[in-house]
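# A look at the structure
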Amino acid sequence: MDFQKFVIILMSSVLVNNYVLRQFLGICPFLGVSKKLNQATGMGISVTLVMLMATAATWPIYTYVLVRFELEYMRTIVFILIIAALVQFTEIVLKKFIPALHKSLGVYLPLITTNCAVLGVTINNINDGYNFVESMVSSLGCGLGFLLAMVLFCGIRSYIDDKVIPESLRGLPVTLIAASFVSLAFFGFNGIVG
Amino acid sequence: MKKQSNWSILFKGILLENPVFVLILGTCPTLATSTSVIGALGMGLAAAAVLICSNVIISLLRKVIPDEVRIPCYIVVIAGFVTLVEMFMHAFLPDMYDMLGVYLALITVNCIILGRAEMFAGKNTVGKSALDGIGMGIGFTLALLAMATIREVLGSGTFAGIPVPFLYDNPISVMKEAPGGMMVYGILIAVVNKLTNGKLIKKKSFGCEGCPSAGICSKGTCENTAKEEG
Amino acid sequence: MKKYIKSVVALTAICAVVAILLAAANSITKPIIDKNEAAAANEALLVVMPNGGDFTTVDLSAYELPASVNEVYAASNGGHVMKLTVNGFNPGMVIMCGVGADGTVTGATCLSSGETLGHEKVYGDKTVGATVDTVDSIDTVAGATKTTAAYKSAVKDALNAAIILGGGSVELRTEAEILADNLAAALPAADGFTSVFMIDTIEGVDSVYSANNGTGYVVCVGDSFVATDANGKVISEGASTEEKAAATSAVATLLSWELTAIDLSTYADMPSAITAAYSTSSGNYVFDVKASGYGISGDKYTASGEYIYIKVSVTADGKIITCETVSQKESDGFGSACADASFYTQFNGKTAETYKDIDAIAGATITTNGYTTAISRVFEAVNILKGEA
């Protein structure tokens, strides 16, 4: 059952193997940007879009070019260049044709090149042996999982910021500890798939 | 940037500007590969090797690389070294290669390496850049080892695979998992803050210079981000 | 413009240098990686065949192997290690099985994850030493019904494949498939067959099948399949005169069969397992029986809550003519074997004294016990109907 498989991939990448909370991929922007809801959402959506585009570009190139010419070892370089080019290109296109969208999403795009979640998802798709459609579904799932983590955590951060916290714990330490509890909560999704 | 002696360049990476606990760079591999001391050591040394090599090469090429394409150039150089490390590790340390998995390839986008290329190697001489790379590499490895020691001893009850009495029979397995990693990391940063009375955290420049994406981002967001992080 | 060109040239040059360096590095490390991986793969195969030595991949295009066999590796000690895909708790379970040169299983293990942890290991060990003849009688692992069934079918296929690879031949079709092929060959006009329930013995005839579309009957006389039309006229030309006569009379007999329903409410002692009873014109009885197998008595998470429904014809002196399972919802792959002809035909010809002499269904004790208990009720019912109870 193809459909069943897609749902399994989707659920597992959004909830069970959430990139941010379970695999630490893309944790820099998670800790950095996730204080304001609109920022968190903007970043999350941008990452999802870039992940989808990156997968759409890297999967065929890996399968039909790199594997064919036995250049698998060039994977990391080729993927990161594709991602960087895609991000630049998207920014230029958005700026020129949809300025409104560029205003809301554009600022996050440059940060995404070095977001390890994007490179991570493209490499993982290859490592997991997914076909093209499965890869796209998994990228969508990872992006949505990232968005979910960002939005969830955004609420928690604005709550923390109002509290009196010992000086040494202020800022990042308490954020990380809070993130650890959110991550613990995500353990509840274990076993939801398969 | 003020003049720095070679010694201070070498040592600042280990404590004063420790990339993990003070500059808060490279969080992703720090959390992901610090479940075991052996894995942490492998990750630390792999990243250090990439860091030193890329620092040297980027510093060598700093006058040749045009400013506009410097980030892509840095990325290519870094990705090249990462792939080299990957290949040799796959060939000679296959167990370690399997253990590190995707995180090995992700050294490419490790903020520490791109950050050092941007902040230091792109502006300094080869010798200094190499020292910076060595210092940061050692700092990164030591920080990873510290995290990994805590997590492995508590989480698996072993140290580098050697059983620790009592804890081996009563492991706190959540320490091996994601929440334990974030918890230990948060507490360690707090401890470093406490020990230094918060001096380090203020000393570090959280402006755009400290941000690995500084070169390609619009200043506004970056400052925004930086403020939040501070 | 000059700036642009400079940028592009610099980036291209760096990419080119890096690519050349990587290609050089790759040429050094690739052979080592390949060698390591080959060694690791060899080691993985040794798990199921500890004395296998070195393995070489076998080209499968030259053999007709069971469909589940994906890869075969020949060991230097003459055995084979196979990777097979079967359906376990999850579809697409990959099992690796080693078969030694003497045709016994040297080990089996599950390669794909997803099975309930632990059980597969237990089962893999149980298969060691099994041969084609003993594979069916391996014990089931409690609580891992489907995994066990998957292992069993994989190991069986591996054993068969080993025989074929060794130059032997194996009938890959199941008994049911062979029968279906024979029937279709005898009466090509039919679109499938139903076994005719024999309420009386017909001399010289084992069984009769009727075509689902009413085009005729196929009568099994000894080893021959004789086709007749709906009125009993023999169509098969190759049959001998005796076979033709037997077939004609058999169809005529079964066309003359009549059943008279018996009102069970008049018999107060009638066992509740008997749901309906009929008497035949020749003085035999036919009973509809329900049996409490695993579906009724098993634990609530796996049991279906359904009885096994059985149809039995028996002579007035208590000898079973035909026994047939009508429907069942027992555990798939285990108790469900009670619907196989190889199980229920064992009761044919049995009496109240001998009905317990049958081979139980492997791994389905409760189903077998429920079934035989229901059969014992048939003998009681015959006595009640004859007024002897």
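Throughout, residues of each chain are indexed from 1 in the direction in which the sequence is written. Ligands are numbered from 1 and chains lettered from A, in the order in which they are written. Where local features are concerned, this predicted model is filtered to residues with pLDDT of at least 70; where side-chain atom pairs are given and counted, the filter is 80 or more; whole-chain, interface and lining totals use all residues.

### Structural notes on the overall build of chain C
Comment: elements are numbered from the N terminus, with helices defined as DSSP H or I runs of at least four residues and strands as E runs of at least two. Each helix and strand counted, chain C has 8 helices and 14 strands in total. Any two residues are considered in contact once their C-beta atoms, placed from the backbone, lie within 7 Å. When contacts within chain C are restricted to residue pairs at least 6 apart in sequence, long-range pairs at least 24 apart make up 50% of them.

### Some details on the sheet that holds strand β9 (residues 224–228) of chain C
All names here are of chain C. At least two bridges found by DSSP between two strands is the condition for calling them paired. Spatially, β6-β7-β8-β9 is the arrangement adopted by the 4 strands of the open sheet, whose pairing is antiparallel. Looking at strand neighbours, the two that pair on one side only are β6 (193–195) and β9, the edges of this open sheet. Each strand of the sheet is rotated relative to its neighbour by a mean of 25 degrees, with strand direction disregarded. Sheet analysis places β6 next to strand β7 (residues 207–211), joined by 3 bridges and oriented antiparallel. Residue Phe 193 lies in a different strand from β7, and its bridge partner there is Ala 211. Orientation is described by lines fitted to C-alpha atoms, with helices fitted over the stretch in contact, and by angles between N-to-C directions that extend from 0 to 180 degrees.

### Structural notes on the interface of chain B and chain A
Taken residue by residue, the interface counts 42 residues in chain B and 42 residues in chain A. At the level of secondary structure, the elements contributing two or more residues to the side of chain B that touches chain A comprise α2 (27–32), α4 (70–92), α6 (102–105), α7 (111–121), α9 (178–195) and α11 (219–229) of chain B. Tallying contributions element by element places α9 of chain B first for the side of chain B that touches chain A, with 11 residues. Its residues placed into classes, the side of chain B that touches chain A shows 27 nonpolar, 12 polar and 3 charged. Gly is put with the polar residues, along with every residue not named as nonpolar or charged; the nonpolar set is Ala, Val, Leu, Ile, Met, Phe, Trp, Tyr, Cys and Pro, and the charged set is Asp, Glu, Lys and Arg.

### Here we look at the sheet that holds strand β3 (residues 80–86) of chain C
All names here are of chain C. The 5 strands lie next to each other as β1-β2-β3-β4-β5, forming an open sheet whose pairing is antiparallel. Two strands in the sheet have a free side with no partner beyond their single neighbour: β1 (55–57) and β5 (105–110). Averaged over all adjacent pairs, the angle separating strand axes in this sheet is 25 degrees, with direction ignored. In this structure, strand β4 (residues 93–99) lies alongside β5, joined through 5 bridges in antiparallel fashion. By the bridge assignment, Cys 97 is partnered in β5 with Ala 108.

### Notes on the interface of chain B and chain C
Between chain B and chain C, the contact holds 17 residues from the first and 16 residues from the second. No other element matches the 11 residues that α4 of chain B contributes to the side of chain B that touches chain C. The residue inventory of the side of chain B that touches chain C, partitioned by class, reads 13 nonpolar, 3 polar and 1 charged.

### A short note on the environment of Lys 83 of chain C
Counting through the fold element by element, Lys 83 of chain C comes out in strand β3. The sequence separation of Lys 83 of chain C and Leu 111 of chain C amounts to 28 residues, and the corresponding C-alpha distance is 8.7 Å.

### What to know about α9 of chain B
One full turn of an α-helix is made of 3.6 residues, so residues set three or four places apart face in the same direction. Between its terminal C-alpha atoms α9 of chain B stretches 26 Å, which fits the 26 Å expected from 18 residues at 1.5 Å a residue. Residue burial here comes from a neighbour count, namely the number of other C-beta atoms, placed from the backbone, that lie within 10 Å of the residue's own C-beta, with 20 or more meaning buried, 12 or fewer meaning exposed, and in between meaning partly exposed. Where burial is concerned, most of α9 of chain B is hidden: 13 out of the 18 residues are buried. Between the first and last residue of a helix there are one fewer steps than residues, each counted as 1.5 Å, and that sum is the expected span.

### Side note on the packing of helix α9 (residues 132–161) of chain A against helix α10 (residues 172–186) of chain A
All names here are of chain A. Relative orientation of the contacting elements α9 and α10 amounts to 135 degrees, with a least axis distance of 11 Å. If you check the angle between α9 and α10, you find them oblique. The two elements α9 and α10 meet at a crossing, and its hand is right-handed. Mapping the contact onto sequence places Leu 152, Phe 153, Ile 156, Arg 157 and Ile 160 in α9 and Val 174, Thr 175, Ala 178, Ala 179 and Val 182 in α10. The residue inventory of the contact of α9 with α10, partitioned by class, reads 8 nonpolar, 1 polar and 1 charged. In what follows, roughly perpendicular refers to angles from 65 to 115 degrees, roughly parallel to angles under 35, roughly antiparallel to angles over 145, and oblique to any angle outside these ranges. Each crossing gets its hand from how the near helix is turned against the far one by less than a right angle, where anticlockwise is left-handed and clockwise is right-handed.

### Some points on the confidence of the model for chain A
Confidence in the prediction for chain A averages 84 pLDDT; 95% of positions are at 70 or higher. The predictor attaches a confidence to each residue, and that confidence, scored 0 to 100, is pLDDT. Confidence scores differ between elements of chain A, with helix α3 (residues 27–33) of chain A showing the lowest mean pLDDT of 73 and α9 of chain A the highest of 89.

### Some thoughts on unusual backbone geometry
A positive phi is found at Glu 70 of chain A, a non-glycine position, where the angle reads about 55 degrees. Assignment of secondary structure puts Glu 70 of chain A in the loop between α4 (37–66) and α5 (75–97). The backbone phi angle of Ala 160 of chain B is positive, close to 50 degrees, even though this residue is not glycine. In this fold, Ala 160 of chain B is placed in the loop between β1 (158–159) and β2 (162–163). Here Ala 160 of chain B falls in the partly exposed class, since 14 other C-beta atoms lie within 10 Å of it.

### Let's talk about the packing of helix α8 (residues 126–155) of chain B against α9 of chain B
All names here are of chain B. α9 packs onto α8 with a crossing angle of 130 degrees between their chain directions and a minimal axis gap of 10 Å. Relative to α9, the element α8 is oriented oblique. Seen along the crossing, α8 lies across α9 with a hand that is right-handed. Between α8 and α9, the residues in contact are Ala 146, Met 147, Ile 150, Arg 151 and Gly 155 and Gly 180, Gly 181, Val 184, Tyr 185 and Leu 188, respectively. Classifying every residue of the contact of α8 with α9 by side-chain character gives 6 nonpolar, 3 polar and 1 charged.

### Regarding the confidence of the model for chain C
All names here are of chain C. Per-residue confidence for chain C gives a mean pLDDT of 80, with 89% of residues at or over 70. Confidence, expressed as mean pLDDT per element, reaches its minimum in chain C at helix α2 (residues 119–126) with 62 and its maximum at strand β13 (residues 308–314) with 89. ipTM for the predicted complex: 0.83, alongside a pTM of 0.65.

### Focus on α10 of chain A
For α10 of chain A, spanning 15 residues, the distance from its first C-alpha to its last is 21 Å, which sits close to the expected 21 Å at 1.5 Å a residue. For α10 of chain A, the complete set of buried residues consists of Leu 172, Pro 173, Val 174, Thr 175, Leu 176, Ile 177, Ala 179, Ser 180, Ser 183 and Phe 186 of chain A.

### A few points about the nonpolar core
By size, the foremost hydrophobic cluster in this structure holds 131 residues, and its most contacted members are Val 118 of chain A together with Val 50, Val 77 and Ile 78 of chain B. Apart from the residues lying within four places of it in its own chain, the contact partners of Ile 78 of chain B are Val 50, Ser 54, Thr 108, Ile 113, Leu 114 and Ala 117 of chain B. For this entry, the nonpolar core is defined as buried Ala, Val, Leu, Ile, Met, Phe, Trp, Tyr and Cys residues connected by C-beta atoms within 7 Å.

### Some points on the pairing of β4 of chain C
On a regular strand, each side chain points to the face opposite its neighbour's, so the side chains alternate between the two faces of the sheet. All names here are of chain C. The buried count for β4 comes to 6 of 7 residues, which makes it a mostly enclosed element. Bridging between β3 and β4 involves 7 bridges; their strand directions are antiparallel. Among the inter-strand pairings, Lys 83 is bridged to a residue of β4, identified as Met 96. Between β4 and β5, which pair antiparallel and follow one another directly, the connecting turn spans 5 residues, one of which, Gly 103, has a positive phi of 80 degrees.

### Some points on the environment of Tyr 108 of chain A
By secondary structure assignment, the location of Tyr 108 of chain A is in the loop between α6 (99–105) and α7 (109–112). Counting along the chain gives 64 residues from Tyr 108 of chain A to Gly 44 of chain A, while the straight-line C-alpha distance between them is 9.2 Å.

### So, the environment of Asn 110 of chain B
Residues and elements named next belong to chain B. Turning to its location among the elements, Asn 110 is positioned in the loop between α6 and α7. The exposure class assigned to Asn 110 is buried, which follows from the 29 C-beta atoms found within 10 Å. Taking C-alpha positions, Asn 110 is 9.8 Å from Leu 51, a pair spaced 59 residues apart along the chain. In this view, Asn 110 contacts Gly 26, Pro 29 and Ala 47; residues no more than four positions away in its chain are not counted.

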